[in-house]
Amino acid sequence: MSGAGTDLTQPPKTWRLTPDERLVLVAMGQRYLLHEARPQPLSRQQTAELLAELQPHSTWTHRRVEHMVIDVRARLSTGGVYGLVREEVGEPVGNALNDNLFRELVLSTTLVPPDLALLDPPPGRNPASD
């Protein structure tokens, strides 16, 4: 018997991201969105270089990328996501904090494979010819 109010399935809680946060996270976490077997995030430097290619008139640095990712991890941690701060994962930390972040963003459908389109060059622009 099924009726209104008896469905226990709840949609995942999606997290609010600014457009720049979404772009940074899609770039850094693209391997998660491609459903690779053992994905690892791009480094801050790789992410900044990719974004600089996509948006040559913006100021993408590894520090800017790092600060955005730290801000998102802190916000999600405050929102109840476990494993996003050093004290919760123990040493050695390695990529655990960012791995946990991207697993949460994909599981919650905050980031979805169609977001990879953000990494496509703008129409009429060929980065290889710049």
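Note that the structure is predicted; figures quoted are calculated from it, not measured. (Residues numbered from 1 in each chain as written. Predicted model: local features only at pLDDT ≥ 70, side-chain atom pairs only at ≥ 80, totals over all residues. Heavy atoms only, no water.)

Asker: Honestly, the pattern of salt bridges in this entry has me stumped. Any pointers?
Answerer: Where charged atoms of side chains with opposite charge meet at close range, the side chains can pair. Taken as a whole, this structure holds seven salt bridges when the rule is applied. One salt bridge connects Arg86 with Glu91, and the closest N-O pair in it is separated by 3.2 Å. Residue Glu91 is classed as exposed on the basis of its relative accessible area of 59%. When the shortest N-O distance is used, the salt bridge between Asp99 and Arg103 registers 2.9 Å. Of the two residues, Asp99 and Arg103 both sit in helix H6 (residues 96-107), four residues apart, roughly one turn of that helix. Overall, the relative accessible area of 14% leaves Asp99 in the buried class. Of the residues examined, Arg103 reaches a relative accessible area of 45% and is grouped as partly exposed. Among the charged side chains, a salt-bridge network with shared partners connects Arg44, Arg63 and Glu66. (Salt bridge = Lys/Arg side-chain N within 4 Å of Asp/Glu carboxyl O. Buried < 20%, exposed > 50% of the residue type's maximum accessible area, 1.4 Å probe, protein only. Helix = DSSP H or I, 4+ residues; strand = E, 2+ residues; numbered from the N terminus.)

Asker: Whenever I open this one, the packing of aromatic side chains confuses me. Can you help?
Answerer: Aromatic rings considered in pairs are described by the distance between their centres and by the relative angle of their planes. Evaluated as defined, the whole model comprises one aromatic pair. Taken together, a centroid distance of 5.3 Å and an interplanar angle of 25 degrees make the contact between Tyr32 and Phe102 stacked. A residue pair is termed long-range when its members are at least 10 positions apart, and Tyr32 in helix H2 (residues 30-33) and Phe102 in helix H6 qualify at 70 residues. Given the relative accessible area of 5%, Tyr32 is considered buried. (Phe/Tyr/Trp six-rings, centres within 6.5 Å; stacked < 30°, edge-to-face > 60°.)

Asker: Honestly, H6 in this entry has me stumped. Any pointers?
Answerer: Residues lying three or four places apart along an α-helix face the same way, a consequence of the helix completing one turn every 3.6 residues. Here H6 is twelve residues long and its end C-alpha atoms lie 16 Å apart, about the 16 Å a rise of 1.5 Å per residue gives. For H6, the set of buried residues is Leu97, Asn98, Asp99, Leu101, Phe102, Glu104 and Leu105. Buried residues in H6 make contact with helix H1 (19-28), H2, helix H4 (62-78) and helix H5 (86-89). Backbone geometry just after H6 places Thr109 at a positive phi near 60 degrees. (Expected span 1.5 Å × (residues − 1). Contact = heavy atoms within 4.5 Å.)

Asker: Whenever I open this one, the side chain of Arg73 confuses me. Can you help?
Answerer: Tracing the backbone shows Arg73 in helix H4. Glu66 provides the closest opposite charge to the buried, salt-bridge-free Arg73, at an N-O distance of 7.3 Å. Apart from the residues lying within four places of it in its own chain, the contact partners of Arg73 are Leu84, Leu97, Asn98 and Leu101. (Lys, Arg positive; Asp, Glu negative; His and termini not counted.)

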